[in-house]
Amino acid sequence: MLTDDFKKLLILQDKDLHVRSIEADLKSYPQDKKQLLAKKEALIQQFEKAKNELKVLEVKMNERAGTIAELRAKRIKYKTQQIEVKRNEDLQALEQEILKIQQNISDIEDEEIQLMIELEDGKENLKSFEETMTTDIAQYEDELLVLNDREKESEGHLNEARKDFDAANSDLSQKFVRAYEHVKRQVRRAPFIVELQGVTCSECHLKVSNEAQSSARDTSLITHCDQCNRILYK
Ligand SMILES: [Zn+2]
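Residues numbered from 1 in each chain as written. Predicted model: local features only at pLDDT ≥ 70, side-chain atom pairs only at ≥ 80, totals over all residues.

Student: Would you mind showing me how to read the nonpolar core here?
Tutor: Burial of nonpolar side chains together is a common tendency in soluble globular proteins. Among the nonpolar cores identified, the biggest contains 18 residues, and Leu9, Phe176, Ala179, Tyr180, Ile231, Leu232 and Tyr233 are the most heavily contacted of them. For this core, the elements supplying multiple residues, two or more each, are helix H1 (4-84), helix H3 (174-187) and strand E4 (231-233). Ranked by residue count, the leading element in this core is H3, at 4 residues. Ignoring anything within four residues of it in the chain, the contact list for Leu9 reads Leu172, Phe176, Tyr180 and Ile193. (Core = buried A, V, L, I, M, F, W, Y, C linked by C-beta atoms within 7 Å. Buried ≥ 20, exposed ≤ 12 C-beta atoms within 10 Å, placed from the backbone. Helix = DSSP H or I, 4+ residues; strand = E, 2+ residues; numbered from the N terminus. Contact = placed C-beta atoms within 7 Å.)

Structural data, given as structure tokens:
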């Protein structure tokens, strides 16, 4: 049969563990939010990178178009000169130049077609990426709102839980309060009050001394586990 004081001590631990679990939740929110923001940021960066790659392709295409225009102008110039020259070898030389220019234009046009295909594919990919990204970001933002709500809710719960703990604390004799605080400092990991199971502590699972075994049955006393120092009761 537990004494009233010991029952109150168990209530105190219960309230304390509740406070601690809310505190642990509250600690996880900033980390979870940070992760969501990082995922969002990574998507945006990926999108910007793909957009820049398309810009580079566009610049290359424009360069090719510019070169082709220059070569065509040159070809017209040589053709005009062909009409004006009198010597046969000059005519031949110009003909050679014109053929070279034509080959050059045709090569660059092939490159242009290749770039155009790449550009069109890139635009398609970017469009579908943007669609997925928009859906994902909307989802992350929803999750962020939920986390913010939960965080606020937990803060409210924490205030309530602390009040409950304080009430349980002031309802308990100083001797028990001090013993509990002392064990908490020494043990650090909950629970701090545990049942004796047969001859062993139910938390560290080690055998306790004969004195501790008999004293744990008298819950007007504070009995510690010889091994882990937690408060024992039977
Ligand atoms: Zn123990």
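Student: Sorry, what's going on with the environment of Leu158 here?
Tutor: Checked against the element boundaries, Leu158 lands in helix H2 (residues 88-170). Judged by local crowding, Leu158 falls into the partly exposed class, with 17 C-beta atoms found within 10 Å. C-alpha separation for the pair Leu158 and Glu23, spaced 135 residues apart in sequence, amounts to 7.2 Å. When neighbours within four sequence positions are excluded, Leu158 is seen to be in contact with Val19, Ile22, Glu23 and Leu26.

Student: Help me understand the domain arrangement of the protein, please; the structure alone is not making it clear to me.
Tutor: A common way to state how big an interface is: give the accessible area lost once the parts meet. The domains assigned to the protein are domain 1 (20-170) and domain 2 (173-234). Distance from the C-alpha centre of domain 1 to the C-alpha centre of domain 2: 63 Å. (Domains from an automatic or database assignment.)

Student: What's the story with unusual backbone geometry in this structure? I'm lost.
Tutor: Glycine aside, residues mostly have negative phi, and peptide bonds are mostly found in the trans state. Look at the link from Ala190 to Pro191: it is a cis peptide, with omega at 0 degrees. Here Pro191 shows up in the loop between H3 and strand E1 (193-197). Residues other than glycine seldom take positive phi values, yet Arg188 does so here, at roughly 70 degrees. With respect to the helices, strands and loops of the structure, Arg188 is situated in the loop between H3 and E1. When the 8 C-beta atoms within 10 Å are taken as the criterion, Arg188 is described as exposed. Even without being a glycine, Asn229 presents a positive backbone phi close to 75 degrees. Topologically, Asn229 is positioned in the loop between strand E3 (223-224) and E4. With 15 C-beta atoms packed within 10 Å, Asn229 lands in the partly exposed category.

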